[in-house]
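Descriptive structure summary
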Amino acid sequence: MRNAFSSALIAAAQADERILLVTGDHGYALFDEFRHRFPKQYINAGIAEQNMVGVAAGLAKSGFRPVVYALSAFIPIRVLEQIKLDVCCEELPVLFIGDGAGVVYSTLGVSHQSTEDVAALRALPQVRILSPADAHEMKAAMELAFATPAPVYLRMGKSDLGQVHSSPPKLEWGRLLPVRSGNGPLVFIATGSMLNLAVKLAEEWPGSAVWSAPSLKPLDTGSLVSVCRPHRVVVTLEEHNVIGGLGGAVAEILSQEHPLPVCRIGVPDQYSELCGSYSYLMREHGLDLNSVRAQVHAFTKKHPVA
């Protein structure tokens, strides 16, 4: 997925010289080709993320299309005030890339893990949020972001979990993408790194449907209700705190438009207690296949689907 991001960025910069890559001293190997091909469109702002966002805002007001790249633990969390005041209040077309979303940087501890980025940004007016699940969704998400004259945040999580789609899908703001059809009692709605797991899990519940949510904000009310209407229980999956992310957004909409039980699966409202591998951290937070399966079984006992 990171390679797809790099390729999409290079293609966009080649087509539009207004596109500038602004990085906070990150991503050297990732941007080797970009720096070589477009040295005048590359700015290393150093380890000064707040200033970097201000620079990007100034560039956007001057007619450029800046792409601001950093770890998602820093973009948006460290610079939330600057995103709010410098970019969102001005409705500037800045694309923020948060790499390493979730617990990808597992061995570096809580300071480099990002499980609250979506929640922090969802409350800011004007900003839009993308969370692609594979390389094909990444390509489509980048194209949508560059076509949108507004602030956009794109979160990039674990990048080597395999493809879900066979080709880049047509991506629209707020719309869910079909992955597995079915009219059974359960519907799984997943975003980012959790989509692959949702596909595997759905096989254990015959007739279950699976949908991808690459657009977390906006989340189209009509699309969501249409997806959920044939089912009795909704299961949301995300590598993000259960508060304020995909599950929260789905529950908010359905509570008003089409009430259904929503099983929100994500990182519990806690920090990682220990460092370890990515797979270890996913188990610690109950996001591995066995743990998620147990959570769904427990939820369906409370809300029978038979």
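**As for the sheet that holds strand β5 (residues 128–130)**
- Reading across from one edge, β2-β1-β3-β4-β6-β5-β10 is the order of the seven strands in this open sheet, with mixed pairing throughout. Both edges of this open sheet fall to β2 (42–44) and β10 (215–217), since each of them pairs with a single strand only. With direction set aside, neighbouring strand axes in the sheet form an average angle of 20°.
- In this structure, strand β1 (residues 19–23) lies alongside strand β3 (residues 65–71), joined through five bridges in parallel fashion.

**What to know about the domain arrangement of the protein**
- Taken domain by domain, the protein comprises domain 1 (2–156) and domain 2 (177–302).
- Every contact between the two is made by 27 residues of domain 1 and, on the other side, 30 residues of domain 2.
- Along the contact surface separating domain 1 from domain 2 lie one salt bridge.
- In this structure, Glu252 and Arg122 form a salt bridge, with 2.7 Å as the shortest nitrogen-oxygen distance.
- Our count for the contact surface shared by domain 1 and domain 2 stands at 19 residue pairs in polar contact (both at pLDDT 80 or more).
- For the side of domain 1 that touches domain 2, the secondary-structure elements that each account for two or more residues are α5 (117–122) and β5.
- Considering each element in turn, the side of domain 1 that touches domain 2 owes the most residues, five residues, to α5.
- Looking at the side of domain 1 that touches domain 2, its residues break down into 14 nonpolar, seven polar and six charged.

**Quick word on the sheet that holds strand β8 (residues 186–190)**
- Sheet architecture is open: five strands sit in the order β7-β9-β8-β11-β12, paired in mixed fashion. Among the strands making up the open sheet, the edge pair consists of β7 (177–180) and β12 (262–267). Averaged over neighbouring strand pairs, the angle between their axes works out to 25° when direction is ignored.
- Two elements, β8 and strand β9 (residues 209–212), share four bridges in a ladder whose sense is parallel. The residue of β9 that forms the bridge with Phe188 is Val210.

Calculation rules
- Residues numbered from 1 in each chain as written.
- Predicted model: local features only at pLDDT ≥ 70, side-chain atom pairs only at ≥ 80, totals over all residues.
- Heavy atoms only, no water.
- Pairing = 2+ DSSP bridges.
- Helix = DSSP H or I, 4+ residues; strand = E, 2+ residues; numbered from the N terminus.
- Axes fitted to C-alpha atoms, helices over the stretch in contact; angles between N-to-C directions.
- Domains from an automatic or database assignment.
- Contact = heavy atoms within 4.5 Å.
- Salt bridge = Lys/Arg side-chain N within 4 Å of Asp/Glu carboxyl O.
- Polar contact = N/O pair within 3.5 Å; in protein donor to acceptor, adjacent residues only side chain to side chain.
- Nonpolar A, V, L, I, M, F, W, Y, C, P; charged D, E, K, R; others polar.

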